[in-house]
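Chain by chain, the residues:
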Amino acid sequence: MNIYTVRDNLKKTIAGKETAIKMYRELLENLDRVEGVGAQAKRQAYFATVEFLDINLIELRAILKDVETCCQQASEASWALNPERMGR
């Protein structure tokens with residue numbers, strides 16, 4: 001495993017959580033038209049899930065930014081360590 005694999009896995013994780021948060025927001029929207037105790041409990045659970053996913057996505061995007069910086073540094077270092085790549 002290398003930093004590029006970590007970056008790609010992180011991007012996939014973020015995409016999956018973005019899909020999940022969209023789904024939960026739609027479920028929450030649909031529950032706004034439903035009455036009853038069960039609907040209220042689901043509404044609270046979906047709302048909490050959306051909030052947790054939102055916070056998690058903020059954190060994951062910050063981590064991705066750091067990983068992207070590491071990827072850039074690794075790429076630059078590979079050119080410096082392997083000058084033959086530049087045709088020397």
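Rules behind the numbers
Every chain is numbered independently, its residues counted from 1 as its sequence is written. Local features in this predicted model are restricted to residues of pLDDT 70 or higher, and side-chain atom pairs are both shown and tallied only at a pLDDT of 80 or more, whereas totals for entire chains, interfaces and linings draw on every residue. As a rule here, side-chain values cover all heavy atoms of the structure and leave hydrogens and water aside. Working definition: helices are DSSP H or I runs of at least four residues, strands are E runs of at least two. Numbering for both runs from the N terminus. Exposed residues in this analysis have more than 50% of their type's maximum accessible area, buried residues have under 20%, and partly exposed residues fall in between, with area computed by a 1.4 Å probe over protein chains only. Using the Shrake-Rupley algorithm and a 1.4 Å probe, accessible areas are obtained, with residue cover drawn only from the displayed protein chains. Note on definitions: salt bridges are taken to be side-chain nitrogens of Lys or Arg within 4 Å of carboxyl oxygens of Asp or Glu. The definition of a nonpolar core used throughout is a set of buried Ala, Val, Leu, Ile, Met, Phe, Trp, Tyr and Cys residues joined through side-chain atoms within 4.5 Å. Only heavy atoms enter the contact rule, under which two residues are in contact if any of them lie within 4.5 Å.

1. Observations regarding the overall build of the protein chain
So, step 1. Tallying secondary structure elements over the protein chain gives 2 helices and 0 strands in all.
So, step 2. Taking all 88 residues of the protein chain together, 18% fall into the buried category.
So, step 3. Surface accessibility of the protein chain: about 6500 Å² in total, with carbon and sulfur atoms responsible for 57%.

2. Points about the pattern of salt bridges
So, step 1. Tallying each qualifying case throughout the model produces 4 salt bridges.
So, step 2. For Glu 68, the salt bridge is made with Lys 11, and the minimal N-O distance between the two is 3.4 Å. A residue pair is termed long-range when its members are at least 10 positions apart, and Glu 68 in helix α2 (residues 37-81) and Lys 11 in helix α1 (residues 3-31) qualify at 57 residues.
So, step 3. Taking relative accessible area as the criterion, Glu 68 reaches 30% and is therefore assigned partly exposed.
So, step 4. By relative accessible area, which is 40% here, Lys 11 ends up partly exposed.

3. Some thoughts on the environment of Glu 26
So, step 1. Summarising the element assignment, Glu 26 is placed in helix α1.
So, step 2. Each C-alpha atom of the pair Glu 26 and Tyr 46 lies 9.7 Å from the other, and the pair is 20 residues apart in sequence.

4. Side note on the nonpolar core
So, step 1. Of all hydrophobic cores here, the largest spans 10 residues; its members are Leu 10, Ile 14, Ile 21, Val 50, Leu 53, Leu 57, Leu 60, Leu 64, Val 67 and Cys 71.
So, step 2. Broken down by secondary-structure element, the contributors of at least two residues to this core are α1 and α2.
So, step 3. With 7 residues, the top contributor of residues to this core is α2.
So, step 4. The contact partners of Ile 21, leaving out residues within four places of it in the chain, are Val 50, Leu 53, Asp 54 and Leu 57.

5. A few points about the environment of Ala 48
So, step 1. Positionally, Ala 48 belongs in helix α2.
So, step 2. For the pair Ala 48 and Tyr 24, spaced 24 residues apart in sequence, the C-alpha to C-alpha distance is 9.9 Å.

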